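What follows is the residue order along each chain.
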Amino acid sequence: MSDGIQIEESWKEVLQNEFDKAYFKEIKSFLTKEKNVGKTIYPPGPLIFNAFNLTHFDAVKVVILGQDPYHGPGQAMGLSFSVPPGIPIPASLRNIYKELKEDVGIEMPKHGDLTKWAQQGVFLLNAMLTVEHKNPGSHKKIGWQTFTDSVIQKLSDLKDGLIFLLWGRFARSKVDLIDEMKHYVLESAHPSPLAGDAFMGNHHFSKTNELLLRQGLPVIDWQV
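A short tour of the structure in this document, coming up. Because the structure is a prediction, the values reported are computed rather than measured. (Residues numbered from 1 in each chain as written. Predicted model: local features only at pLDDT ≥ 70, side-chain atom pairs only at ≥ 80, totals over all residues. Heavy atoms only, no water.)

This part is about the overall build of the protein. Each helix and strand in the protein was counted, giving 8 helices and 6 strands. Ordered by position in the sequence, the α and β elements of the protein form the string α-α-β-α-β-α-α-β-β-α-β-α-β-α. Expected size for 224 residues packed as a compact globule is a radius of gyration near 17 Å; at 17 Å, the protein falls within 12% of this value. With respect to the three principal axes, the spread of C-alpha positions in the protein is 45 × 35 × 25 Å. Burial status across the protein gives 54% buried among its 224 residues. Residue pairs at least 24 apart in sequence account for 67% of intrachain contacts in the protein once pairs closer than 6 positions are excluded. A total accessible area of about 10,400 Å² is found for the protein, and carbon and sulfur atoms account for 51% of it. In the protein, the 24 positive side-chain charges and the 26 negative ones have mean positions that sit 5 Å from each other. (Helix = DSSP H or I, 4+ residues; strand = E, 2+ residues; numbered from the N terminus. Rg over C-alpha atoms; globule rule 2.2 N^0.38 Å. Buried < 20%, exposed > 50% of the residue type's maximum accessible area, 1.4 Å probe, protein only. Contact = heavy atoms within 4.5 Å. Areas by Shrake-Rupley, 256 points an atom, 1.4 Å probe, with all protein chains shown as cover. Lys, Arg positive; Asp, Glu negative; His and termini not counted. Charge placed at Lys NZ, Arg CZ, Asp CG, Glu CD.)

In structure tokens:
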């Protein structure tokens, strides 16, 4: 993929056919036009594929699927649920941290940067990789879901023993893309406060490590 978008080599090899398709070229054309008329798009261009660049295809062990990037200034960093240091921790991530403490005893972190998870093989994928400033869901229909559905499908087809954490109705709707004979799927409510406390008590972090241990793989250090 030569024209401007940088993605790590193992992903480039797996996804080359997608990059060559008309819909993907239309995504790039749409984003270019939006920027040319002065619209602010998140995350910044170099971070659109941050999840892929931090968690190489061969390194993926766990997948946490989000929906939209954050749509406020400085929040989106190309990793689902994650915000850079110095940015207030969003409500959904705060609930994730609460469950972390209840499940595995990790005290509430002071920041929302989940890069350390990504570096250990936790693929933090949003279904839409871009969004317009202060306009949630604005890029829902530009083709990103075709792309990220293909990403999920490739992970399912080409790897074994992945652990998919599907939080909320939207993420759970992707279960049909996953071969549950080869992979593990853990489902729960979304961590958003709008779901009340339904996310709490799912024990997904300890369950994930149990499943990794069962496969003889290193566990995730969930401390960020």
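On we go from here.
Moving on to the sheet that holds strand S2 (residues 62–66). Here we have 4 strands laid out as an open sheet, ordered S3-S2-S5-S6, and parallel in their pairing. The sheet terminates laterally at strand S3 (122–126) and strand S6 (184–188), the two strands that pair on one side only. Across the sheet, the mean angle from the axis of one strand to that of its neighbour is 20 degrees, orientation sign disregarded. Of the pairings in the sheet, the one linking strand S5 (residues 163–167) to S6 comprises 5 bridges and is parallel in character. Bridged to Ile-163 within S6 is Tyr-184. In the packing of helix H6 (residues 144–158) onto the sheet, the strands contacted are S2, S3 and S5, and the crossing angle to S3 comes to about 155 degrees. (Pairing = 2+ DSSP bridges. Axes fitted to C-alpha atoms, helices over the stretch in contact; angles between N-to-C directions.)

Right, let's get into the side chain of Ser-188. Structurally, Ser-188 is set in strand S6. Excluding its chain neighbours within four sequence positions, the residues that come into contact with Ser-188 are Leu-166, Trp-167, Gly-168, Arg-172, Phe-199, Asn-202 and His-204.

Two numbers describe how helix H2 (residues 22–36) lies on H6: the axes approach to 9 Å, and their chain directions differ by 130 degrees. The angle between H2 and H6 places the two elements in the oblique class. You can see that H2 and H6 cross each other, and the crossing is left-handed. Note on element contacts: H6 touches H2 through Trp-144, Thr-146 and Phe-147, opposite Tyr-23, Phe-24, Ile-27 and Leu-31. (Parallel < 35°, antiparallel > 145°, perpendicular 65-115°, else oblique. Left-handed = near helix turned anticlockwise from the far one by under 90°.)

The next thing to look at is the nonpolar core. Note on soluble globular proteins: their nonpolar side chains tend to be buried together. Counting 67 residues, the largest nonpolar core has Trp-11, Phe-52, Trp-117, Phe-123, Trp-144, Phe-147 and Leu-155 as its most contacted members. The contacts of Leu-155, once residues within four sequence positions are left out, are Trp-11, Phe-57, Val-60, Val-63, Phe-123, Leu-162, Phe-164 and His-183. (Core = buried A, V, L, I, M, F, W, Y, C linked by side-chain atoms within 4.5 Å.)

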